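Chain residues, written in single-letter form:
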There are 2 protein chains.
Amino acid sequence: MSNKKEKVREITPMDEDFSQWYTDVILKTELVDYAPVKGFMVIRPYGYAIWENIQKEYDNRFKETGHKNMYFPLLIPESLLQKEKDHVEGFAPEVAWVTHGGDEELGERLCIRPTSETIICNMYSKWLTSWRELPYLYNQWCSVVRWEKSTRPFLRTSEFLWQEGHTLHETYEEAQAETLQMLDIYREVAENILAIPMVVGQKSEREKFAGAYATYTMEALMYDGKALQSGTSHNLGQHFTKAFDITYTDRNGEIAYPYHTSWGVSTRLIGALIMVHGDDNGLVLPPKVAPTQLVIIPVAQHKEGVLDKAYEIKKQLEKQFRVEMDDSESYSPGWKFNQWEMKGVPIRLEIGPRDIENNQVVAARRDNGEKVILSMDHLNEGIEKLLEEIQNSLYNKALKMREEKTYIAKNKQEFTKILETTPGFIKAMWCGDVECENKIKEDTGATLRCIPFEQEDLGTHHCICCGKEAKKMVYFAKAY
Amino acid sequence: MSNKKEKVREITPMDEDFSQWYTDVILKTELVDYAPVKGFMVIRPYGYAIWENIQKEYDNRFKETGHKNMYFPLLIPESLLQKEKDHVEGFAPEVAWVTHGGDEELGERLCIRPTSETIICNMYSKWLTSWRELPYLYNQWCSVVRWEKSTRPFLRTSEFLWQEGHTLHETYEEAQAETLQMLDIYREVAENILAIPMVVGQKSEREKFAGAYATYTMEALMYDGKALQSGTSHNLGQHFTKAFDITYTDRNGEIAYPYHTSWGVSTRLIGALIMVHGDDNGLVLPPKVAPTQLVIIPVAQHKEGVLDKAYEIKKQLEKQFRVEMDDSESYSPGWKFNQWEMKGVPIRLEIGPRDIENNQVVAARRDNGEKVILSMDHLNEGIEKLLEEIQNSLYNKALKMREEKTYIAKNKQEFTKILETTPGFIKAMWCGDVECENKIKEDTGATLRCIPFEQEDLGTHHCICCGKEAKKMVYFAKAY
Ligand SMILES: [Zn+2]
Ligand SMILES: [Zn+2]
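Note that the coordinates shown come from a computational prediction; the quantities given were computed from them, not determined experimentally. Starting afresh in each chain, residues are numbered from 1 along the sequence in its written order. All chains are assigned letters beginning at A, and all ligands numbers beginning at 1, according to the order in which they are written. For a predicted model such as this one, the threshold for reporting local features is a pLDDT of at least 70, and the threshold for listing and counting side-chain atom pairs is 80 or more; totals across whole chains, interfaces and linings nevertheless cover every residue. Hydrogens and water molecules were not included; the side-chain quantities draw on all heavy atoms of the structure.

Novice: Honestly, the domain arrangement of chain A in this entry has me stumped. Any pointers?
Specialist: By a widely used convention, the size of an interface equals the accessible area lost when the partners come together. Residue and element names in this part refer to chain A. What counts as a domain boundary in this text is fixed by an automatic or database domain assignment. Examined at the domain level, chain A breaks down into domain 1 (2–277), domain 2 (294–402) and domain 3 (406–477). Summarising the inter-unit geometry, the C-alpha centres of domain 1 and domain 3 are found 27 Å apart. Facing 19 residues of domain 1, the contacting portion of domain 3 comprises 17 residues. In this structure, the salt-bridge partner of glutamate 219 is arginine 449, at a minimum N-O distance of 2.8 Å. A run of H or I in DSSP counts as a helix once it spans at least four residues, and a run of E counts as a strand once it spans at least two, with each numbered from the N terminus. Ranked by residues supplied to the side of domain 1 that touches domain 3, first place goes to strand E10 (residues 214–221) with five residues. Here, two residues are considered to be in contact whenever any of their heavy atoms come within 4.5 Å of each other. By definition, a salt bridge exists where a carboxyl oxygen of Asp or Glu is found within 4 Å of a side-chain nitrogen of Lys or Arg.

Novice: Looking at this structure, I do not really get the relation of the copies chain A and chain B. What am I missing?
Specialist: One copy of the chain maps onto the other through a rotation about an axis followed by a shift along the same axis. For the pair chain A and chain B, the best superposition has an RMSD of 0.0 Å and corresponds to a rotation of 180 degrees with a translation of 0.0 Å parallel to the axis. Put plainly, the chains are arranged around a two-fold axis. Of every C-alpha in chain A, the one belonging to valine 98 of chain A sits nearest the axis of rotation, 2.1 Å from it. Copies overlap after least-squares fitting; the atoms used are the C-alpha atoms of residues with pLDDT of at least 70 in both.

Novice: Explanation requested: the packing of helix H10 (residues 306–317) of chain B against helix H13 (residues 379–404) of chain B in the structure shown.
Specialist: Residue and element names in this part refer to chain B. Relative to each other, H10 and H13 sit at 65 degrees, their axes nearing to 10 Å. For the pair H10 and H13, the sense of crossing is right-handed. Taking contact as the criterion, the partners of Ile313, Gln316 and Leu317 in H10 are, on H13, Leu379, Asn380 and Ile383. For the contact of H10 with H13, the class distribution of residues is four nonpolar, two polar and no charged. Angles run from 0 to 180 degrees between N-to-C directions of axes, and those axes are lines fitted to C-alpha atoms, restricted for helices to the stretch in contact. If you view the pair so one helix is near and one far, a crossing is left-handed when the near helix is turned anticlockwise from the far one by less than a right angle, and right-handed when it is turned clockwise. Charged means Asp, Glu, Lys or Arg here, nonpolar means Ala, Val, Leu, Ile, Met, Phe, Trp, Tyr, Cys or Pro, and polar covers whatever is left, Gly included.

Novice: Help me understand the packing of aromatic side chains, please; the structure alone is not making it clear to me.
Specialist: Aromatic rings considered in pairs are described by the distance between their centres and by the relative angle of their planes. All names here are of chain A. Working definition: a ring pair exists when centres of Phe, Tyr or Trp rings (six-membered ring for Trp) sit within 6.5 Å. Plane angles under 30 degrees give stacked, over 60 give edge-to-face, the rest tilted. All chains considered together, the criterion is met by 48 aromatic pairs over all chains. If you follow lysine 343 out to its NZ or CZ, it ends over the ring of tyrosine 46, 4.3 Å from the centre. It is arginine 348 that lies over the ring of phenylalanine 337; its NZ or CZ is 3.8 Å from the centre. Lysine NZ or arginine CZ positioned within 6 Å of the ring centre and within 35 degrees of the ring normal marks a charge as sitting over the ring.

Listed below in structure tokens is the structure:
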């Protein structure tokens, strides 16, 4: 018992070593483990349950907006990968190659998909014939492999789970509208379900997807002041549709190339959840995505009536909420409190003999530690309200944290000083030149996270790097 | 239009060439397509929607029985694959090998998972410490790769989608109970949702899973009289837990090896759906698994009020059912009828001016072509009842078909004659000897499908092959 309690205590404090805190949390809460192959991860049941909740939220919204799921093969012939020039340059250095099937050496190497634009375009070119079939609104949930040298579970691994949408449209405007619609769905779920505020905007040319016309992104700020790219949506224009010769007969009877988008979010979002909401006691999960929304812990459970009442309440609550009961006899209530706290369960319900006498339960909030007395008479309503409060409170707390860690730099000295002393988002003006972007990265390690849709007047119109006229306000940060 | 109508007509009649019928149906209904790499398939939206429905049914039942999902890596080091002797012999010849990650040659070859026992056992050995943590009840949904020489979409492809459950238990009895429980869940969904009657039983030693103590199976009979192994559940005993050194402290404080099961169903079930229920006009989908349960086709839709009424009905029905509206103006109602018939949609609702006048709709059943007049007043109830009837009727039809194609053979002559003239399941007595099993396969091409739980007295007690005393009644068939 004390052995396990130690485990909780062993989480390194965030402010002491954030990286070690992250590792401690993901391993001790059993979200994930390291796989035998370096750079790969095993997503354990508690981590996968979070992913299932994220999936469900996105999948529902994809379907509501007319998208259907499908499945394309894991393996892509090398020749297909090479059809779009920028794309192959972007991805070829990091793909895994299959060279043998059974005992036979293959005639052509096959790569494990790092993303599926090439194989999907290859099939779309076979299928599409008429404008009547457009738009193509399809998505796939799968795993992808990108051989990474330096990895961290959920944030950057050689294999990860994601969804990739791939759509075709008659016009550039429709493709652009789709690209922005999907980014907005990404943001809406991130903010309303994961309680993570997002900065949305466009990627610079340097940072855009290999083969894209334009890439849009949502960026979140982690507790340590580093940014995390959390979802991207690409207007691919006709780059791929021309490279893969996808044509159709348009409304005028002419042969035309469709416009193309792709968009993806991944298990990386779980990393964001951890690093935005977590604290020194472990995970803090927003109610809407928590696998367990509340845990019932009977106190003095050997006393007559306690367990019966606890189970009665569980039965009543689980019609509406995701509930666990912890009535194991091997551990003390105190140990259980620590354990479920570490797991980030939003509400702990304590029920003991005195509570039963008083027709009440004690609800302890994970997010702020407050204890609330709830009457048993309207328990479901009480819990519902409390979960809503926790959800909103977590969002507001995360927003406040991001605002406190978002700075304005008017010149390079300010920029460097902020990065060195108080890492976070830095809003600055930029001339649009990739050389300035490169120089800032070389000199400071910060990258241009995005050109936000919401432009602000920072009181200067000079590029943070070269001092020339600048028209874009952009976000810089060090990033995962 | 007539061009597309031809497409429907072009389905090869089942009795003329069943194999070509199958290919025509899966391609023309856009369930699936051939991928650029030989032996791989693309599951198109209509096919994937069926898979999503199958997944949902199984996943719900897995969770109701206490299982949780997780995700293990795609790639398994060669050394892990080799730890269980029978397993490596069974799978090594058909795995795909990754030899390079990016530009680097790997120190050890990695295989793409053909199934995940080895990597999962490797992790379980790290995690399990005490009997208190048992049972381990975990499952994963993923794709697996087995390099196949001769392939057919859904039935046998080099990559397919499936789920694989992997559980650990304190006792042999618990593992056996789990193995049989999961087989029963497989059967129940197959029968009640897919409307496919199953023969359930045990695999012979020859046919069991590589590394299993015992394999149980459900076997379905296709229209052409060939069997399809549709789901298997393995009691793995301690073969893997010993090979991978999975130990824990048991209730007596002793170090012990847990008992182990694994079980899987795959996209193969879609192949079964097609070949059990389909007819010369294409797919016939049971309502409970059909992506579209009913399609509304307005007749004379240019007439005032028809489209409005059709949309009103759609809105009312889609609260309860999966409904599509086909109001495209490019095609005639007749063409649409053919198209949706080919797609196997259980009910076609026709609504025209006269129907509206009479406060009714016409419902055409896909399974038997009957037309039923339904009052608009209780339309939801009418549809619900009709869908139930179709579901039951499909099951009964499939059961009758299977019974008609199930034969008894008392000697080898009878056996051979049945196979040559009226292929199907053959019930026969077997001595239990693998040599007899091998000889029958060599001589006739039929394999021992299973030793059914329901044993019958066939009026003979002599092995169909060697004539020695036989205690087991078994099913033989040619199989996919
Ligand atoms: Zn500049
Ligand atoms: Zn024999």
